[in-house]
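Summary of structural features
Now for the letters of each chain:
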Amino acid sequence: MLQDIERYLACPHCAQALTPDGRTLRCPAGHSFDVAKQGYVSLLAGDAHTGTGDTADMVAARSGFLDAGHYRPIADALTAAAVAAAPEGLVTDLGAGTGYYLARVLDALPGRPGAALDISKYALRRAAKAHPRIGAVVCDAWRPLPLQDASAGLVLNVFAPRNGSEIRRVLRPGGTLLLVSPTPRHLRELVTVLGLLSVDEEKQRRIDEKLGPHLTPAGRQEVEFTLRLSAADVRTVVGMGPSAWHTDPEQLAARLAALPDPVEVTASVTVAAYRR
């Protein structure tokens, strides 16, 4: 599955093009990268740290929650925006996780190859199998991305870190970034009760400011709907996100037991477009 995206990849050490040699990718400078048996390739620099990547438990939680369709309205809105952007060439998902959103966008964009970029090898084991046109690559969003200049017509970024200068570099002129971020209302019924991380009221403004030197805003929409979650679903949604790093398991279990089952929860995100 990496074959569809190999021509877009760049060596993380010297930025030169990579070419396949059996189950290895090599650059002219002699750097080589083996393709894992699960179908992904790691293009991390040697001194990179993967401690911030999603754990196996977090990935399993996310996979179950997304596959159950709870965030389908977000995927639908993102897919519609992707079709409207009419990208040429590579579709890149920066912080792709399990490849759930990228796979649905590729379904709506026949023939486009997709690059799933993430720092978690556990997530990319799933992303590599999420769609026949996905190639999965381990990388660090805060370092130079292992993609060639102007290689992507569309970049997706869903609840993930974003590096404005690198996104601009890998986008073609006229290319589009589609960014999904939570609003302050997202999961509001759970935030206080369970002690979860909250969303800053100024989050969207701060995103625009950080991307401003690199990309131009090109429209946005809010997507808001009500989730009806079982106690197991609530445990899953906590376990798959950043709050998983910041909650005490015993306290969380006690608070979960006090919630009604099922519980109605607000899902609220912004889908924003930016162009190079």
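Heads up: the structure comes first, above all this text.
Given the structure is predicted, the values throughout are model-derived calculations rather than measurements.

1. Some remarks on the sheet that holds strand β1 (residues 19-21)
Across a sheet, paired strands are connected by hydrogen bonds in the backbone, their directions being either parallel or antiparallel. An order of β1-β2-β3 is seen for the 3 strands of this open sheet, with the pairing classed as antiparallel. Unpaired on one side and paired on the other, β1 and β3 (32-34) mark the two borders of the sheet. When strand polarity is set aside, the average angle formed by the axes of neighbouring strands in this sheet is 30°.

2. Considerations on the pairing of strand β9 (residues 171-182)
For a regular strand, the rule is simple: side chains alternate between the two faces of the sheet. Buried residues dominate β9, accounting for 9 of its 12 residues. When strand β8 (residues 152-158) meets β9, the two strands line up parallel, connected through 6 bridges. Paired with L154 across the strands is T176, a residue of β9. You can see the chain leave β8, run along helix α5 (residues 164-170) and come back into β9, and the turn it takes is right-handed. Two elements, β9 and strand β11 (residues 263-275), share 7 bridges in a ladder whose sense is antiparallel. Note that in β11 the partner of L179 across the bridge is A272.

3. Some details on helix α7 (residues 203-211)
The set of residues buried in α7 consists of K203, Q204, I207 and L211. The buried residues of α7 occupy an angular sector of 95° when projected down its axis, which confines them to one face. Turning to α7, the residues buried within the fold contact α5, β9, β10 (216-229) and β11.

4. Observations concerning the packing of aromatic side chains
Enumeration over the complete set of coordinates arrives at 3 aromatic pairs. Aromatic side chains F65 and Y71 sit 5.1 Å apart centroid to centroid with 80° between the ring planes, which places their arrangement in the edge-to-face category. With a relative accessible area of 2%, Y71 lands in the buried category. Members of the aromatic cluster, connected to one another through ring pairs, are F65, Y71 and F159.

5. Observations regarding the nonpolar core
Counting residues in hydrophobic clusters, the biggest one holds 57 residues, and the most contacted among them are Y71, Y101, L154 and L194. Of the residues forming this core, the biggest block, 7 residues, is contributed by helix α2 (residues 72-85). If we skip the residues at most four places from it in the chain, Y71 touches F65, L66, Y100, Y101, F159, H186, L187, F225, L227, V237, M240 and A267. Formed by 33 residues, the second largest nonpolar core is a distinct cluster that contains V35, L94, V170 and A272.

6. A word on the packing of α2 against helix α3 (residues 100-108)
The description of two helices packed together rests on the angle between their axes and the distance between the axes. Running from N to C, α2 and α3 cross one another at 45°; their axes reach a closest spacing of 9 Å. Accordingly, the angle class assigned to the pair α2 and α3 is oblique. Every pair of crossing elements has a handedness; the one defined by α2 and α3 is right-handed. Seen from α2, the contacting residues are R72, I74, A75, L78, T79, A82 and V83; seen from α3, they are Y100, Y101, R104, V105 and A108.

The rules we used
- Residues numbered from 1 in each chain as written.
- Predicted model: local features only at pLDDT ≥ 70, side-chain atom pairs only at ≥ 80, totals over all residues.
- Heavy atoms only, no water.
- Pairing = 2+ DSSP bridges.
- Helix = DSSP H or I, 4+ residues; strand = E, 2+ residues; numbered from the N terminus.
- Axes fitted to C-alpha atoms, helices over the stretch in contact; angles between N-to-C directions.
- Buried < 20%, exposed > 50% of the residue type's maximum accessible area, 1.4 Å probe, protein only.
- Right-handed = clockwise from strand over helix to strand, strands pointing away.
- Arc of directions from axis to C-beta.
- Contact = heavy atoms within 4.5 Å.
- Phe/Tyr/Trp six-rings, centres within 6.5 Å; stacked < 30°, edge-to-face > 60°.
- Core = buried A, V, L, I, M, F, W, Y, C linked by side-chain atoms within 4.5 Å.
- Parallel < 35°, antiparallel > 145°, perpendicular 65-115°, else oblique.
- Left-handed = near helix turned anticlockwise from the far one by under 90°.

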